[in-house]
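The primary structure of each chain is shown beneath.
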Amino acid sequence: MTEDPFVVHRSLLFTVAYEMLGSAADAEDVLQDSWLRWADVDRSQVRDPRAYLVRIVTRQALNRLRTLSRSREEYVGEWLPEPLLTSPDVAEDVELAESVSIAMLTVLETLGPAERAVFVLREVFEMPYGEIAEAVGKSAAAVRQIARRAREHVAARRPRVQVSRSEQQAVVERFLTALRTGRVQELLDVMAPDVVLIADGGGLAAAAPAPIHGAELVAKLLARPNRVVSAVWLNGAPAGRIEIDGRLAAVSLVVEHGKITRIHAMANPRKLTRLDEPAELAR
């Protein structure tokens with residue numbers, strides 16, 4: 001007896017939903033709803049189960065995105081994606097690693113629901129325009145226009161400099177070492193002068209309510225003793241896990257020209273439940 005296509009493609013379906021929503025918890029809810037719909041489908045009428053399942057998940061994710069838009073407008077402080085623990089193997093697929101990075105998911109959050117769906121399906125999963133049109137309920141011509149606008153929007157906001165995996169690791173390790181020592185100068189040495197710190201506490205953990213700009217301000221904020229700092233892989237990139245007095249935080253970094261230009265600090269405890277077991281992601 002062959003395995004159910006939903007089970008076979010589950011990692012792919014989760015990745016689609018996660019990239020559209022930026023939340024593993026919401027992605028799991030979308031997969032549950034999609035499974036219920038798939039269970040009612042006459043499989044004999046489905047020529048391409050993978051494409052069919054991606055369409056179901058896309059539609060459910062779009063519905064969830066529209067529902068979430070209001071709650072995210074009312075979110076306390078800065079909103080950041082939910083980080084996922086990943087294995088270093090995810091970084092081997094450069095396009096997948098970039099697409100699930102915290103930096104990219106933060107950029108995708110600035111797109112409208114349809115634009116985000118089209119961008120993810122076209123640029124990340126390379127789906128034909130016709131299939132995307134079926135998934136989002138628009139014409140293929142409209143999807144092409146949406147894809148062009150979304151590409152331009154993302155290109156204007158994504159990190160402009162691509163760094164090697166080894167360079168990223170080296171800079172992250174220097175940063176984590178500086179965090180362990182709590183020395184301001186060591187932090188200043190590894191950060192760009194115009195570095196930006198964005199912290200997400202969701203009203204449930206201490207976090208700056210707005211982005212903090214400038215290396216001196218960021219270094220003074222981060223230079224604190226009595227922290228347990230460890231290196232982890234989050235969303236396909238080297239990152240940090242920090243414990244302060246029993247409270248957990250995750251830190252993701254953007255590196256350009258050997259310096260950290262952006263720090264994403266996730267402290268909302270509801271978003272830190274996926275840091276013990278690596279997520280299974282696939283394209």
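Residues numbered from 1 in each chain as written. Predicted model: local features only at pLDDT ≥ 70, side-chain atom pairs only at ≥ 80, totals over all residues. Heavy atoms only, no water.

Engineer: Which parts of the structure should I look at to understand the sheet that holds strand E3 (residues 227-234)?
Structural biologist: By definition, the strands of a sheet pair up through backbone hydrogen bonds, in either a parallel or an antiparallel sense. Here six strands make up an open sheet; going across it, the order is E2-E1-E6-E5-E4-E3 and the pairing mixed. Strands with a single pairing partner mark the edges of an open sheet, and in this sheet they are strand E2 (212-213) and E3. With eight bridges joining them, E3 and strand E4 (residues 237-244) adopt antiparallel strand pairing. Looking at E4, one finds that Arg-227 is bridged to Ile-244. Relative to E3, helix H10 (residues 165-181) is tilted by about 165°, and along the sheet it contacts E3, E4, strand E5 (247-256) and strand E6 (259-266). Where helix H12 (residues 215-222) meets the sheet, it contacts strand E1 (191-200), E2, E3 and E6, and its direction lies at approximately 50° from that of E1. (Pairing = 2+ DSSP bridges. Helix = DSSP H or I, 4+ residues; strand = E, 2+ residues; numbered from the N terminus. Contact = heavy atoms within 4.5 Å. Axes fitted to C-alpha atoms, helices over the stretch in contact; angles between N-to-C directions.)

Engineer: I would appreciate a short explanation of the pattern of salt bridges in the present structure.
Structural biologist: Where side chains of opposite charge bring their charged atoms close, a pairing between them can arise. Within this structure, the stated rule accounts for 20 salt bridges. Arg-64 is paired through a salt bridge with Asp-26; the nearest N and O atoms lie 3.2 Å apart. Taken as a pair, Arg-64 in helix H4 (residues 49-73) and Asp-26 in helix H3 (residues 24-39) lie far apart in primary sequence, 38 residues in all. Note on Arg-64: relative accessible area 18%, which makes it buried. The closest approach of N and O atoms between Arg-148 and Glu-152, which form a salt bridge, is 3.4 Å. One end of the pair, Arg-148, and the other, Glu-152, are both in helix H9 (residues 140-157), four residues apart, so they sit about a helical turn from each other. Taking relative accessible area as the criterion, Glu-152 reaches 46% and is therefore assigned partly exposed. Overlapping salt bridges, with partners in common, bring together Asp-26, Asp-29, Asp-33 and Arg-64 in one network. (Salt bridge = Lys/Arg side-chain N within 4 Å of Asp/Glu carboxyl O. Buried < 20%, exposed > 50% of the residue type's maximum accessible area, 1.4 Å probe, protein only.)

Engineer: Looking at this model, I keep getting lost on unusual backbone geometry. Mind explaining?
Structural biologist: Glycine aside, residues mostly have negative phi, and peptide bonds are mostly found in the trans state. The backbone phi angle of Glu-126 is positive, close to 55°, even though this residue is not glycine. Relative to the helices and strands, Glu-126 is located in the loop between helix H7 (113-124) and helix H8 (129-136). Given a relative accessible area of 55%, Glu-126 falls into the exposed group. Phi is positive for Asp-245, which is not a glycine, with a value near 50°. Mapped onto the fold, Asp-245 is located in the loop between E4 and E5.

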